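Residue strings, one per chain:
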Amino acid sequence: MNLSSKKLTKQLKNEGIAAFVFEEVTTTFDKAKELIKDFPCGVVIAKRQTAGRGKGERKFISPEGGVYFTIFYKNMPIEPTDTLKTVINAGYGVYLQLKQLGFDAKLKWPNDVLIGRKKACGILTEIFTRQGGCDFFCGVGVNVNTKDFGEFNGIATSLYLSGGKIFDINEIAVKLVSTVNKWLFDESDINIKFLTASGMKSKTVKVTNGSEEYFCSVKGLSPEGFLIADRDGREIKIISGDVKEV
């Protein structure tokens, strides 16, 4: 089943969200940056992205069959330091939806949602300061009915591959957009949300940051969303890097 512009626009309007649906874009992020000039808020949804990207400009495979969207808000009363918090909140929203569908979903710090040990969702948030506030963008890509990831088959999965059936992509898209939008600016304890969604408390992880690799035990998140861990009896704050459970 393909994304329906008419259906998505109508259903999300009922949720109070203005939707802009496209067949193909470079990225929904790029299109949102264009639309924010004329619209105060909304969500850009696309069937395909030709230049999908993730953390650190990594490539994000975006063929038809996934749900790719960017939620945008103009002149929000937030700060660039809130970026990581909104990433965690968005991931928590995706986690809740995947759990509701029966999947063994987990939030992987800072911006992925896994099914089992494979990536099913990537999230990217950016905040740009301007006079009177900040422009906010949150891009989310969820692999729904994708059947093949080529060179990334070993590390990526989809709802179809994990669940063994085709999903109604319009229904999934509406639920994901609505839930992520609901949780984006939530002010409840981010540490509780993260530990609930990740199951990582006291787990040993390997951190790779550039040429440095080390192991530590997860304690939780700081109020800003940084990972707090115990490394050889010393508490550390991890602000970047790839973190994998071992």
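The structure under discussion appears in the preceding block.
So, here's what we can say about the structure.

**Points about the environment of Phe22**
Note on placement: Phe22 falls in strand β1 (residues 19-25). Residues Phe22 and Phe149, 127 residues apart in the sequence, show an inter-C-alpha distance of 22 Å. Not counting residues within four places of it along the chain, the set of residues in contact with Phe22 comprises Lys31, Leu35, Val44, Ile45, Ala46 and Lys47.

**Description of the sheet that holds strand β8 (residues 204-209)**
Strand pairing in a sheet relies on backbone hydrogen bonds. The paired strands run either parallel or antiparallel. Within the open sheet, the five strands sit side by side as β11-β10-β9-β8-β12. Their pairing is antiparallel. At either end of the open sheet lies a strand with only one pairing partner, and these are β11 (234-238) and β12 (242-245). Strand-to-strand twist across the sheet, computed as the mean angle between neighbouring axes with direction ignored, equals 45 degrees. Pairing between β8 and strand β9 (residues 212-221): six bridges, direction antiparallel. Paired with Asn209 across the two strands is Glu212, which belongs to β9. Running over the sheet, helix α6 (residues 190-198) touches β9 and β10 (227-231) and is turned about 115 degrees from β9.

**A word on the packing of helix α1 (residues 5-14) against helix α5 (residues 169-183)**
Remark: α1 packs on α5, axes separated minimally by 10 Å, with the N-to-C direction vectors making an angle of 35 degrees. Handedness of the crossing formed by α1 with α5: right-handed. Between α1, through Lys7, Leu8, Gln11 and Leu12, and α5, the contact on the second element is made entirely by Asn170, Ala173, Val174, Val177 and Ser178.

**With respect to the packing of aromatic side chains**
A complete count under the given rule lists nine aromatic pairs for this structure. Ring centres of Phe128 and Phe137 lie 5.9 Å apart, and the angle between their planes is 75 degrees; on these two criteria the pair is classed as edge-to-face. Here Phe128 falls in the partly exposed class, since its relative accessible area comes to 36%. For the cation-ring pair, Lys31 lies above Phe22, with the distance from its terminal atom to the ring centre recorded as 5.0 Å. We note Lys147 situated over the ring of Tyr160; from NZ or CZ to the ring centre the distance is 5.4 Å.

**Focus: the pairing of β10**
As judged from the four bridges shared by β9 and β10, these two strands associate in the antiparallel manner. By the bridge assignment, Val218 is partnered in β10 with Ala229. Taking the residues that link successive antiparallel strands as the turn, the β9-β10 hairpin has five residues, and the phi of Gly225 there is positive, at about 105 degrees. Summarising the sheet, β10 and β11 pair through five bridges and their orientation is antiparallel. Note that in β11 the partner of Leu227 across the bridge is Ile238. A loop of two residues connects β10 with β11, the two strands running antiparallel in sequence, and Asp232 in this loop sits at a positive phi of about 55 degrees.

How each quantity is defined
- Residues numbered from 1 in each chain as written.
- Predicted model: local features only at pLDDT ≥ 70, side-chain atom pairs only at ≥ 80, totals over all residues.
- Heavy atoms only, no water.
- Helix = DSSP H or I, 4+ residues; strand = E, 2+ residues; numbered from the N terminus.
- Contact = heavy atoms within 4.5 Å.
- Pairing = 2+ DSSP bridges.
- Axes fitted to C-alpha atoms, helices over the stretch in contact; angles between N-to-C directions.
- Left-handed = near helix turned anticlockwise from the far one by under 90°.
- Phe/Tyr/Trp six-rings, centres within 6.5 Å; stacked < 30°, edge-to-face > 60°.
- Buried < 20%, exposed > 50% of the residue type's maximum accessible area, 1.4 Å probe, protein only.
- Lys NZ or Arg CZ within 6 Å of the ring centre and 35° of its normal.

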